[in-house]
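The lines below spell out each chain.
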Amino acid sequence: MRFLFQKAFLLCAMTAMGLGSAKAQYAGHMSSYVMDARTGAVLSATDAELQRYPASLTKLMTLYLTFRALEAHQITLDEQVPVSIHASVQAPSKLGLVPGTRLTVEQGILGLVTKSANDAACALGEFLGGGDEVRFAQLMTQQARALGMSNTTFRNASGLPDPDQVTTAHDLALLSQHLISDFPQYYHYFNVPSFYFHRRMVPNHDPMLKIYAGADGLKTGYTDLAGHNLITSAQRGNVRLIGVVMGAPNNTRRSMEMVSLLDKGFADEGVAPQPLLHPVAPSGVLMASGRRRGHFRHSVLLASSRPMEVADAPTSPRRYGRLSHHGAAVRMVSARHVVAHKKRSRHS
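Predicted, not measured: the structure shown is a model, and the values here were computed from it.

Parameters and conventions
Residues numbered from 1 in each chain as written. Predicted model: local features only at pLDDT ≥ 70, side-chain atom pairs only at ≥ 80, totals over all residues. Heavy atoms only, no water. Helix = DSSP H or I, 4+ residues; strand = E, 2+ residues; numbered from the N terminus. Buried < 20%, exposed > 50% of the residue type's maximum accessible area, 1.4 Å probe, protein only. Contact = heavy atoms within 4.5 Å. Areas by Shrake-Rupley, 256 points an atom, 1.4 Å probe, with all protein chains shown as cover. Phe/Tyr/Trp six-rings, centres within 6.5 Å; stacked < 30°, edge-to-face > 60°. Axes fitted to C-alpha atoms, helices over the stretch in contact; angles between N-to-C directions. Parallel < 35°, antiparallel > 145°, perpendicular 65-115°, else oblique. Nonpolar A, V, L, I, M, F, W, Y, C, P; charged D, E, K, R; others polar. UniProt positions renumbered as here; feature names shortened; annotations may be inferred. Polar contact = N/O pair within 3.5 Å; in protein donor to acceptor, adjacent residues only side chain to side chain.

> Would you explain the overall build of the protein in this entry?
When you go through the protein residue by residue, the secondary structure sums to nine helices and 14 strands. Burial status across the protein gives 53% buried among its 348 residues. A separation of at least 24 residues holds for 63% of the contacts in the protein among residues at least 6 apart in sequence. Entry remark: accessible area of the protein is about 15,700 Å², with carbon and sulfur atoms responsible for 55%.

> Got a minute to help me understand the packing of aromatic side chains in this structure?
Think of a pair of aromatic rings as described by two things: how far the centres are apart, and how the planes are tilted against each other in angle. Enumeration according to the criterion identifies six aromatic pairs in this entry. Look at Phe195 and Phe197: their rings are 6.3 Å apart centre to centre, the planes differ by 55°, and that puts the pair in the tilted class. Neither residue differs from the other here; Phe195 and Phe197 are each classed as buried. Grouped by ring-pair contacts, the aromatic residues Tyr64, Phe67, Phe183, Tyr186, Tyr187 and Phe190 constitute a single cluster.

> I'm lost on the packing of helix H2 (residues 59–71) against helix H6 (residues 133–146) in this one. Help?
Two measures define how a pair of helices packs: the angle their axes make with one another and the distance between the axes. Packing of H2 against H6 leaves a shortest axis separation of 10 Å and a crossing angle of 90°. Compared by their axis directions, H2 and H6 come out roughly perpendicular. For the pair H2 and H6, contact is made by Met61, Thr62, Tyr64, Leu65 and Arg68 and by Phe136, Leu139, Met140, Gln143 and Ala144, respectively. Broken down by class, the residue content of the contact of H2 with H6 amounts to seven nonpolar, two polar and one charged.

> Help me understand the UniProt feature "binding site: substrate" (unreviewed entry) in the protein in this model?
When the UniProt feature table is mapped onto this chain numbering, "binding site: substrate" (unreviewed entry) sits at Lys219. As for its position among the elements, Lys219 is in strand E7 (residues 215–223).

> Is there a simple way to explain the side chain of Thr101 in this structure?
Take Thr101: it is sitting in the loop between helix H3 (85–88) and strand E4 (102–104). There is a polar contact of 2.5 Å between the side chain of Thr101 and the backbone oxygen of Val98.

> I tried to follow helix H5 (residues 118–128) on my own but got confused; where do I start?
Since the α-helix turns once every 3.6 residues, residues separated by three or four places project in the same direction. Burial analysis of H5 places nine of its eleven residues in the buried class, the great majority of the element. Of all the positions in H5, only Asn118, Asp119, Ala120, Ala121, Cys122, Ala123, Leu124, Gly125 and Glu126 are classed as buried. Buried-residue contacts for H5 involve H2, strand E3 (80–82), H3, E4, helix H4 (105–113) and H6.

Encoded structure:
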């Protein structure tokens, strides 16, 4: 009897501390979700309510709150975001921001959607949270509840590991749907293949932009415990789909699972199949497309499992001068041309 009482007490204590609940230790076991972005219709779901670690998919909520502040005219794209010591020491992937310098809100956005920069995410979080990333994470969770993301809790702006930062494939699909519908004027940022920051070209980590017809965002994510995560939106004709893959064992499996899910989703919506756009995906994945009995089939010929999301830390500290306030530009590079967006306040 005493043993049973002690066991019950321990279980209650673990539950109260959050240790007894499922906290996303499922890397290698995939969750997925596909929905019609316009109607909200669910086209497929596998363990979509299983709580997972979001990794850098967390940055979608950081971007949502940034876009909301922009739309409310609380901030501007040109506004200067200070870089704190706390932001500068975030683990890679990062832009290499130096404490005491500044970057613009637009540069922060581009850093998140391309390189998935943790230092830029933290800087934006502190900026929007009144200097406190913890306060910003509370705002993130409040916004998640307002959007119906009932199984999501945020603890930081970047997605760096925290045992209490959890979400589900279903919740992330809801967030993606709201990003597209609530802020269509900012959605184009997710489709930027690269941008120039301090005279360095920063490429986009999202492989689907290069290989999948109609794909135009949203985000990759990776940590050891989370596995390889991916959210993709693609539009063909009048149909836009949102796909979520979480916990894939490697980049190759993640991409091919997304291709398969979206292909099936478009087929279910009556949209004709299309071949992959590019024979070689990022991270050394060689893909081929072929038509068999009226359907396109994709195969992997060569693969590398190196995480695309985690950038190598620099061997020596990068040194950038303080940001100037005049005359520079952020250049966003598209597949066909380079567009220079002149701003009043830019770094050199």
